[in-house]
Amino acid sequence: MTLGTKTGGRDATQGVIEGRYALSVGRPNRLPEPPGYVWTPLSQVARLESGHTPSRSKPEYWDGEIPWIGIRDATGNHGKTLQYTGQTITQAGLDNSSARLLPAGTVCLSRTASVGYVVQMGVPMATSQDFVNWVCGPDLSPEYLKYVLLCEQDSIRRFAHGTTHQTMYYPEAKALCALLPERPVQDAVVEVLGALDDKIAANARLIDVADELATARFESMLGDTGKPLSSLARFVNGKAFTKNASGTGRVVIRIAELNSGIGSSTVYNDIEVADDHLARPGDLLFAWSGSLTVQRWFRPEGIVNQHIFKVIPTEVPMWVVKGALGRKLRDFRAIAADKATTMGHIQRRHLDDIVPVPDDAAISRHDAAMAALWDRALAAEEESLRLGVTRDVLLQQLMSGRLKVKDAESVVEGVV
């Protein structure tokens, strides 16, 4: 039986490009098929669907009631289930384009430009042509397919090709095979991995709440007291530590790592540097160019690269510096935006601007509670980091059939 495709176009390729664990273009020759698992063409267990962009020159096609997934929705919500999208279309937009309204549960994979991002529809939605979408039949859990795709990020990017933009074309998408167990096993795997993802999501909500409470409490303390920002802390600029990097050792923290975490382009260096150029969990980092941002570092010890200040409090607790800097960030971003011809940035003299701060009595009165909020958010960030590592290891072993579900359950019970 086949659930086929509604994309039309060229037939599935007859070539084979093997992934690493549980996904392959064509049936793989070398990847094993453990007991209880079968290499299965996705076309047998899911219907492949494409997407489309209604005409941008027709305003009546946009801002309607139908959620429409674009690339930004996928890159900003990788691995998540979408309830809303950044853009919506009207019924007329749907009727007068090749876009199709797909059911909740549909699994979407970005196939061009930013290749390999995976999201799942929480409600009926349409997508742009930048996605391949699978509407799963009864023998394939949509959540299990999502985990297969998450597990094979690097492989999916190898399946793509092109001279200008990397794209996974439909002949490859139509030929995809996945290593699948029976549906009950799929559901059990989803439950195990979902427990970790649920805890990570709960931590994310806790972090947001703790930081929002800290911001609100900081605002409530402000009166007439103001001080130069530079008097509250030392702002130690990073250096060009990516130059001649060894490829091993500590992470070099660039703006990319600050915003998006550690990835395939992250640089490592085993160079010895001064303590002021090291960031440890709980340190405050301020990217003063590009996308100006203030972040609490929660990953393992790293080396602070250029364009980032390590902010070291001097006269006041860390939460005071964080509050004052966060409050000033909007002004700094406006200054950077005026430098339209180069990468936007501020200058060190801008750190001498007067910023409102709580008086000494308020700092003393609120210090314990504010420090507790900071510590709780940091602990949740570090826990999510550990859970994410556990999830990724289990993901590879479960998808490839090298680990039984009951053994994975024991691991999860020990960490959640």
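Preceding this paragraph is the structure being described.
Since we're looking at a predicted model, the values are computed, not measured.

A.B. asks: Before we go on, may I ask you to explain the pairing of strand β19 (residues 293-296) in this structure?
C.D. replies: Walk down a regular strand and you will see the side chains alternate between the two sheet faces. In terms of strand pairing, strand β18 (residues 284-287) meets β19 through 4 bridges, oriented antiparallel. By the bridge assignment, L284 is partnered in β19 with R296. Connecting β18 to the antiparallel partner β19 that follows it, the hairpin turn spans 5 residues, and G290 within it adopts a positive phi of roughly 65°.

A.B. asks: For this particular structure, what's the right way to read the sheet that holds strand β14 (residues 233-237)?
C.D. replies: Strand-to-strand pairing in sheets goes through backbone hydrogen bonds, with the strands running parallel or antiparallel. Overall, antiparallel pairing links the 4 strands, which are arranged β14-β21-β18-β19 in an open sheet. Because the sheet does not close on itself, it has two edges, and the strands there are β14 and β19. The mean inter-strand angle of the sheet, taken between neighbouring strand axes irrespective of direction, is 25°. On the sheet, helix α9 (residues 318-337) packs against β14, β18, β19 and β21 (308-313) and is oriented at approximately 10° with respect to β18.

A.B. asks: Is there a simple way to think about the side chain of T112 in this case?
C.D. replies: Considering the arrangement of structural elements, one finds T112 in the loop between β8 (107-110) and β9 (118-121). Each residue touching T112, except ones within four places of it in the same chain, is listed here: I71, D130, H165, Q166 and T167.

A.B. asks: Whenever I open this one, the packing of α9 against helix α10 (residues 360-399) confuses me. Can you help?
C.D. replies: When two helices pack together, you describe them by how their axes are tilted relative to each other and by the distance separating the axes. Two numbers describe how α9 lies on α10: the axes approach to 9 Å, and their chain directions differ by 85°. As far as their axial angle goes, α10 and α9 are roughly perpendicular. When α9 is examined against α10, the residues M318, W319, V320 and K322 are found in contact with a partner set consisting of I363, H366, D367, M370, A371 and W374.

A.B. asks: Would you mind going over helix α4 (residues 142-151) with me for this structure?
C.D. replies: Every α-helical turn comprises 3.6 residues, leaving residues that sit three or four positions apart pointing alike. Here α4 lies mainly inside the structure; 9 of its 10 residues are buried. Taken together, the buried positions of α4 are P142, Y144, L145, K146, Y147, V148, L149, L150 and C151.

A.B. asks: Looking at this model, I keep getting lost on unusual backbone geometry. Mind explaining?
C.D. replies: Across the chain, the bulk of peptide bonds are trans and the bulk of non-glycine residues have phi less than zero. The phi angle at N244 is positive, at roughly 55°, despite the residue not being glycine. In this structure N244 comes out as exposed when scored by relative accessible area, which is 70%.

A.B. asks: Even after reading the chapter, I still don't get the sheet that holds strand β7 (residues 87-89), so can you show me in this structure?
C.D. replies: Within the open sheet, the 3 strands sit side by side as β7-β5-β10. Their pairing is mixed. Each edge of the open sheet is held by one strand with a lone partner, namely β7 and β10 (126-127). Of the pairings in the sheet, the one linking strand β5 (residues 62-69) to β7 comprises 4 bridges and is antiparallel in character. If you follow W62 over to β7, its bridge partner there is I89.

A.B. asks: When you look at a negative patch on the surface in this model, what are you seeing that I'm missing?
C.D. replies: A contiguous patch of negative charge on the surface is contributed by E191, D407, E409 and E413. When residues of the negative patch are assigned to their parent elements, the largest contribution, 3 residues, is made by helix α11 (residues 405-415). Taking the relative accessible area as the measure of exposure, E413 reaches 64% and is therefore exposed.

A.B. asks: Explain the nonpolar core here, please?
C.D. replies: Within soluble globular proteins, side chains that are nonpolar tend to cluster in buried spots. Ranked by internal contacts, the top residues of the largest apolar core, which has 52 residues, are W134, L149 and M399. For this core, the leading source of residues is α4, giving 7 residues. Core analysis: the next-biggest nonpolar cluster, separate from the first, contains 38 residues, I207, F286, V311 and W319 among them.

A.B. asks: Which parts of the structure should I look at to understand the packing of helix α7 (residues 183-221) against α10?
C.D. replies: Where α7 contacts α10, the axes come no closer than 9 Å and their chain directions differ by 160°. Relative to α10, α7 is oriented roughly antiparallel. Relative to α10, the crossing made by α7 is left-handed. Across the contact of α7 with α10, the residue classes break down as 22 nonpolar, 5 polar and 8 charged.

A.B. asks: It is not clear to me how the side chain of T167 should be interpreted in this structure. Could you clarify?
C.D. replies: Tracing the chain through its elements places T167 in the loop between α5 (153-159) and α6 (170-174). Overall, T167 belongs to the buried group, its relative accessible area being 7%. Polar contacts involving the side chain of T167 include one to the side chain of T112, which spans 2.8 Å. Setting aside anything within four residues of it in sequence, one finds T167 in contact with R111, T112, A160 and H161.

A.B. asks: Before we go on, may I ask you to explain the packing of aromatic side chains in this structure?
C.D. replies: Aromatic rings in a pair are described by how distant their centres are and how their planes are angled relative to each other. Enumeration according to the criterion identifies 5 aromatic pairs in this entry. Note on W62 and W68: the rings are 5.1 Å apart at their centroids and 85° apart in plane angle, and the pair reads as edge-to-face. Look at W68 and you get buried, because its relative accessible area is 2%. Ring centres of F235 and F309 lie 5.8 Å apart, and the angle between their planes is 80°; on these two criteria the pair is classed as edge-to-face. In this pair, F235 sits in strand β14 while F309 sits in strand β21, placing the two residues 74 residues apart along the sequence. Judged on exposure class, the residue F235 and its partner F309 are both buried.

Criteria and cut-off values
Residues numbered from 1 in each chain as written. Predicted model: local features only at pLDDT ≥ 70, side-chain atom pairs only at ≥ 80, totals over all residues. Heavy atoms only, no water. Pairing = 2+ DSSP bridges. Helix = DSSP H or I, 4+ residues; strand = E, 2+ residues; numbered from the N terminus. Axes fitted to C-alpha atoms, helices over the stretch in contact; angles between N-to-C directions. Contact = heavy atoms within 4.5 Å. Parallel < 35°, antiparallel > 145°, perpendicular 65-115°, else oblique. Buried < 20%, exposed > 50% of the residue type's maximum accessible area, 1.4 Å probe, protein only. Patch = residues over 30% accessible without salt bridge, like charges linked within 9 Å, V, L, I, M, F, W, Y side chains within 5 Å. Areas by Shrake-Rupley, 256 points an atom, 1.4 Å probe, with all protein chains shown as cover. Salt bridge = Lys/Arg side-chain N within 4 Å of Asp/Glu carboxyl O. Lys, Arg positive; Asp, Glu negative; His and termini not counted. Charge placed at Lys NZ, Arg CZ, Asp CG, Glu CD. Core = buried A, V, L, I, M, F, W, Y, C linked by side-chain atoms within 4.5 Å. Left-handed = near helix turned anticlockwise from the far one by under 90°. Nonpolar A, V, L, I, M, F, W, Y, C, P; charged D, E, K, R; others polar. Polar contact = N/O pair within 3.5 Å; in protein donor to acceptor, adjacent residues only side chain to side chain. Phe/Tyr/Trp six-rings, centres within 6.5 Å; stacked < 30°, edge-to-face > 60°.

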